[in-house]
Amino acid sequence: MALLIHLRKCHICGTVTEQKQEPVKKCSHCNKALAPFFYFDDQTKVVLSDMHLRPPLMDGEFSPIHGLTVSWEQL
């Protein structure tokens, strides 16, 4: 089974919180609740590359705010 690590940066204090197997819902430093993502799933979104253009958004698709969250899967 792959180990899923979720990292998320707090919009209040800037601390990066890491959690295994579950999405980060609270900051580990200031204990503020982090807003859930309603318009996309960061685990199924196409990974963007530094070497290629970003794919165009489809009709009705919202672009995520880049750089606030990451899911890392370790095989």
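Residues numbered from 1 in each chain as written. Predicted model: local features only at pLDDT ≥ 70, side-chain atom pairs only at ≥ 80, totals over all residues. Heavy atoms only, no water.

Visitor: Can you walk me through the overall build of the protein chain in this structure?
Guide: Scanning the protein chain from N- to C-terminus turns up zero helices and three strands. Tracing the protein chain from N to C terminus, the helices and strands come up as β-β-β. Residues counted as buried form 16% of the 75 residues belonging to the protein chain. As displayed, the protein chain offers around 6400 Å² of accessible surface, 58% of which is attributable to carbon and sulfur atoms. (Helix = DSSP H or I, 4+ residues; strand = E, 2+ residues; numbered from the N terminus. Buried < 20%, exposed > 50% of the residue type's maximum accessible area, 1.4 Å probe, protein only. Areas by Shrake-Rupley, 256 points an atom, 1.4 Å probe, with all protein chains shown as cover.)

Visitor: Any chance you could explain the environment of Ala33 here in plain terms?
Guide: Tracing the chain through its elements places Ala33 in the loop between strand S2 (16-20) and strand S3 (69-74). Through-space distance from the C-alpha of Ala33 to that of Cys10 is 8.9 Å; in sequence the pair is 23 residues apart. Sequence-distant contacts of Ala33, defined by excluding residues within four places in its chain, comprise His11, Lys25 and Lys26. (Contact = heavy atoms within 4.5 Å.)

Visitor: Where do I start with the side chain of Thr17 in this structure?
Guide: Turning to its location among the elements, Thr17 is positioned in strand S2. There is a polar contact of 3.0 Å between the side chain of Thr17 and the backbone nitrogen of Ser28. Once residues lying within four places of it in the same chain are set aside, the contact partners of Thr17 are His6, Leu7, Arg8, Val24, Lys26, Cys27 and Ser28. (Polar contact = N/O pair within 3.5 Å; in protein donor to acceptor, adjacent residues only side chain to side chain.)

By themselves, these observations are geometric and do not establish any function.
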